[in-house]
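# Inside the fold
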Amino acid sequence: MEILQAGAPDCAPADGLAGLLSPLPEPEFLQHRLGSRPVVVRGREGRFRGLFGWPQLNEVLAAARTDASRIHLVRSADGVPLASCAEPVPQLSPRGRPARIHPERLQEVLGAGTTLVIDGIEELHAPLRALATAVEGSVRSLVQANLYVNLGGAEQGFHTHWDDHDVFILQAEGAKHWDIHPPTEDHPVGVLSTPAPPADGSAGWSGELADGDVLYLPRGWWHTVKAVEGRPSLHLTLGTRLPSAGDLLRRLLVHLARNHSLVRQDLPRFATADHARGWYEGLREVLAATVREPGLLERLAGQVDDGAPARPEFSLPYLPYGGSAADPAGSR
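Residues numbered from 1 in each chain as written. Predicted model: local features only at pLDDT ≥ 70, side-chain atom pairs only at ≥ 80, totals over all residues. Heavy atoms only, no water.

Quick look at the environment of L57 now. Within the secondary structure, L57 sits in helix α3 (residues 54–63). With 92 residues separating them in the primary sequence, L57 and V149 have C-alpha atoms 9.3 Å apart. Residues in contact with L57, not counting those within four places in the same chain, are F52, I118, L147, V149 and L234. (Helix = DSSP H or I, 4+ residues; strand = E, 2+ residues; numbered from the N terminus. Contact = heavy atoms within 4.5 Å.)

Here it is, written out as structure tokens:
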């Protein structure tokens with residue numbers, strides 16, 4: 001495990017990946033670590049306070065409604081219903097049956113060892129959105145920020161597992177203990193891979209991430225994360241799924257289907273044996289000729305590596321009272 005001392009005192013969202021990994025130069029990281037080697041960057045306490053901490057979390061929770069697609073409760077790898085911490089939202093004109101999080105009930109379940117997870121929290125907090133957007137500019141892939149909150153009472157929130165995407169872990173408050181194991185299968189991919197669990201005692205690195213630290217973990221690396229007793233923790237993960245050869249092959253399939261009628265034909269399931277043999281031989285010839293076409297794979301790879309989807313930006317006009325789009329100053 002490569003362990004570095006942070007070069008920048010604080011994390012500014014606009015600094016993006018370079019700010020998170022300093023003193024490791026961003027080009028060196030992209031060329032030699034991304035997708036292959038974990039890195040720990042030790043930072044000073046409070047490094048992420050201006051980005052996200054307990055005050056910002058409390059603001060988000062006060063404004064949030066219970067949304068199962070975004071907010072989850074996890075205890076010892078088994079789900080805890082969010083409804084156990086919910087209460088109806090008071091409304092003047094009822095629309096549906098919205099619910100919000102009840103502060104005392106949430107405090108109670110978190111104190112009992114439950115972990116609070118908020119997916120896509122960059123959509124709810126502008127500085128995190130700015131950081132995610134800046135990191136997207138570096139890795140040229142979608143970045144999603146998830147938040148994990150624990151009050152220090154849980155021995156283990158998730159079983160030992162691996163992620164099918166790369167993650168940058170930012171320890172914003174408190175501490176977490178990590179056991180990290182090397183991959184047991186090369187380049188595993190989502191539901192297509194079933195790597196064997198790591199052997200007991202095979203951790204390549206064990207240690208705490210403390211307030212201000214960053215951990216980069218490529219996909220496929222096994223990890224076990226545990227709360228540190230009596231030390232409330234708030235950490236963020238910036239997850240990104242990097243383009244793979246599988247993404248290139250999906251583009252190749254689209255290219256083949258657009259340019260070769262044979263690829264669009266039905267399989268010869270009911271044809272004679274001679275006809276079926278001829279059909280499959282023709283398909284082999286189309287595939288072989290296409291993949292040998294000079295520059296085609298490189299061009300399709302360029303389409304895969306076209307960057308992250310644009311985030312929505314709004315610029316609705318501000319019209320003072322009595323004004324209009326044609327007369328923004330209004331009439332007096």
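For the rest of this paragraph, the subject is the pattern of salt bridges. Tallied over the entire structure, the rule returns 17 salt bridges. Here E208 makes a salt bridge to R231, at a shortest N to O gap of 3.3 Å. Pair noted here: E208 is in strand β11 (residues 205–210) and R231 is in the loop between β13 (222–227) and β14 (233–240), with a separation of 23 residues, a long-range link. For R250, the salt bridge identified is with D247, shortest N-O distance 2.4 Å. (Salt bridge = Lys/Arg side-chain N within 4 Å of Asp/Glu carboxyl O.)

Here we come to the sheet that holds β13. Across the sheet, three strands lie side by side as β11-β10-β13; this open sheet has antiparallel pairing. Taken across any chain shown, the strands that pair with only one partner, and hence form the sheet edges, are β11 and β13. Across the sheet, the axes of successive neighbouring strands diverge by a mean angle of 25°, strand direction being ignored. (Pairing = 2+ DSSP bridges. Axes fitted to C-alpha atoms, helices over the stretch in contact; angles between N-to-C directions.)

Further remarks concern the pairing of strand β10 (residues 175–181). Moving residue by residue along a regular strand, the side chains alternate between the two faces of the sheet. Counted residue by residue, β10 has six buried out of seven residues, so it is predominantly covered. The sheet contact formed by β10 and β11 spans six bridges and is antiparallel. If you follow H177 over to β11, its bridge partner there is E208. In this structure, β10 lies alongside β13, joined through six bridges in antiparallel fashion. Each residue of the ladder has a partner; that of H181, found in β13, is W222. (Buried < 20%, exposed > 50% of the residue type's maximum accessible area, 1.4 Å probe, protein only.)

These values are about where atoms sit, not about what they do.
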